[in-house]
Amino acid sequence: MNENNVLKFERRKPQQDDKNKPKAPPPKRGLIWIAVLVAVALVWAYYQFIAPQSV
């Protein structure tokens, strides 16, 4: 059999991951503070307008 007609499948070499490079950027502090303020505002609005007066 002729070697030129044979397909050779080779496994890909695994890529070396850089250990110093983070996988995903960390969440921004500003977004966390905005989320906290929104949560506090929602709790305040609930007790101010929606919750029964006996609470």
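Since the model is a prediction, treat every value here as computed from it, not as a measurement. (Residues numbered from 1 in each chain as written. Predicted model: local features only at pLDDT ≥ 70, side-chain atom pairs only at ≥ 80, totals over all residues. Heavy atoms only, no water.)

> Can you walk me through the overall build of the protein in this structure?
Scanning the protein from N- to C-terminus turns up 1 helix and 0 strands. Sorting the 55 residues of the protein into buried and exposed places 2% on the buried side. Total accessible area computed for the protein in this model is approximately 6,600 Å², and 60% of it derives from carbon and sulfur atoms. (Helix = DSSP H or I, 4+ residues; strand = E, 2+ residues; numbered from the N terminus. Buried < 20%, exposed > 50% of the residue type's maximum accessible area, 1.4 Å probe, protein only. Areas by Shrake-Rupley, 256 points an atom, 1.4 Å probe, with all protein chains shown as cover.)

> Honestly, a nonpolar patch on the surface in this entry has me stumped. Any pointers?
The grouping of V43, W44, Y46, Y47, F49 and I50 at the surface amounts to a nonpolar patch, some 740 Å² of accessible area in total. Locating Y47 in the fold gives a position in helix 1 (residues 29-50). (Patch = residues over 30% accessible without salt bridge, like charges linked within 9 Å, V, L, I, M, F, W, Y side chains within 5 Å. Salt bridge = Lys/Arg side-chain N within 4 Å of Asp/Glu carboxyl O.)

> Would you take a moment to explain the packing of aromatic side chains for this structure?
The full count for this structure, using the stated rule, is 2 aromatic pairs. Ring geometry for W44 and F49: centres 5.8 Å apart, planes at 85°, overall edge-to-face. F49 carries the same exposure label as W44, and that label is exposed. Where Y46 meets Y47, the ring centres are 5.1 Å apart and the plane angle is 80°; that geometry is what we call edge-to-face. (Phe/Tyr/Trp six-rings, centres within 6.5 Å; stacked < 30°, edge-to-face > 60°.)

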